[in-house]
Amino acid sequence: MDSDVLRQAPLFNALDDEAAAALAGSLGTIRLRRGEVLFHEGDTGDKLYIVAEGKVKLGRTSSDGRENLLAILGPGQMFGELSLFDPGPRSATVTAVTDVAFYSLSHDDLLRWLDGRPDVANGLLSQLASRLRRANDVVSDLVFSDVPGRVAKALLDLADRFGRTAEDGIHVHHDLTQEELAQLVGASRETVNKALADFASRGWLRLEPRSVVIMDPERLARRAR
Ligand code: CMP
């Protein structure tokens, strides 16, 4: 597994090389195939995870079976700490969107690391703060933005994290089905398809299976506002 991604993870980025190597020594590793579930909402859990390779989706299911995606996470991103700091069951189901490799750290080991290490605690707090900021944006967008605006914003966010710039535009291999994209923006597949087709007909992007090529990020960003 690529240990460089650990250096981007919030727990690690304030550590010097020696401390980072010691923390890395406490980590386990685990791999999942595309479609496999790491844990379910409501499970009890005693570990947090850092994505090493691939992508996962964090989802919740309503009592009538509808699904909503809270986030898509990729290399260097961490999850699974809420059930430690706010003791209770797992708050989301985590499913592999591609084949995925994770590092895992037990909650007990994390507590030992946090003890007397304000740099590690700061890394964790800054991740929690940025997640809260993002969650606030999502709530505001659900209230104030229309579906095309939310689709534009979601594509730009995915481009930020998973995009690769080429001559013909930003290639974003998001690995999501249109159903999953719809679950991510909280809308029906039909409405999301219509928005994507409209963006494509304007020449802002090109649709490909499980990926998109963004040709005009400025226009998309204006639509996302
Ligand atoms: P935990 O509840 O232990 O298991 C599910 C994890 O998903 C949770 O910890 C968080 O780490 C993560 N999570 C929950 N909500 C969000 C969100 N809105 N954005 C990103 N990650 C989240």
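Look up a bit, the structure's there.
Criteria and cut-off values
Residues numbered from 1 in each chain as written. Predicted model: local features only at pLDDT ≥ 70, side-chain atom pairs only at ≥ 80, totals over all residues. Heavy atoms only, no water. 1 Å grid on protein atoms, 1.4 Å probe; cavity = no way out; pocket = protein on both sides within 12 Å on 5 of 7 lines; lining within 4 Å. Points joined across faces, edges and corners; volume = space filled by probe spheres on them. Helix = DSSP H or I, 4+ residues; strand = E, 2+ residues; numbered from the N terminus. Nonpolar A, V, L, I, M, F, W, Y, C, P; charged D, E, K, R; others polar. Buried < 20%, exposed > 50% of the residue type's maximum accessible area, 1.4 Å probe, protein only. Contact = heavy atoms within 4.5 Å. Near = heavy atom within 4 Å. Polar contact = N/O pair within 3.5 Å; in protein donor to acceptor, adjacent residues only side chain to side chain. Areas by Shrake-Rupley, 256 points an atom, 1.4 Å probe, with all protein chains shown as cover. Sits in = over half its atoms within 2 Å of the grid points.

*Asks:* I would appreciate a short explanation of the layout of surface pockets in the present structure.
*Replies:* In this approach the atoms are scanned with a rolling probe the size of a water molecule, which exposes any empty space left behind. Taken as a whole, the largest pocket holds about 1,400 Å³ of empty space. Considering the residues around the largest pocket, the lining is formed by 50 residues, among which Leu 70, Ala 71, Leu 73, Arg 131 and Arg 134 are closest to the centre. Sorting the residues of the lining of the largest pocket by element identifies strand S4 (56–61), strand S5 (67–73), strand S6 (78–79), helix H3 (82–85), helix H5 (118–144), helix H6 (147–162) and helix H7 (178–185) as the ones contributing at least two each. When residues of the lining of the largest pocket are assigned to their parent elements, the largest contribution, 14 residues, is made by H5. In the lining of the largest pocket, the residues fall into 26 nonpolar, 12 polar and 12 charged.

*Asks:* Could you clarify how one ought to interpret H7 in this entry?
*Replies:* Working note: α-helix, 3.6 residues per turn, so residues spaced by three or four point in the same direction. Burial within H7 is extensive, with six of its eight residues counted as buried. Within H7, the full set of buried residues consists of Glu 180, Leu 181, Ala 182, Gln 183, Leu 184 and Val 185. Check the buried side of H7 and you find it contacts S4, S5, H5, H6 and helix H8 (189–201).

*Asks:* What is the right way to look at the site of the ligand in this model?
*Replies:* The ligand sits among 13 residues. The nearest are Gly 80, Glu 81, Ser 83, Arg 90 and Ser 91. Gly 80 places a main-chain nitrogen or oxygen 2.7 Å from an oxygen atom of the ligand. In this structure, Ser 83 approaches the ligand through a side-chain N or O atom, which is 2.6 Å from an oxygen atom. When isolated, the ligand has an accessible area of 460 Å², and the protein chains bury 91% of it. One can see that the ligand is located within the largest pocket. For the shell around the ligand, the secondary structure elements donating two or more residues are S5 and H3. Residues belonging to the shell around the ligand are distributed by class as follows: seven nonpolar, three polar and three charged.

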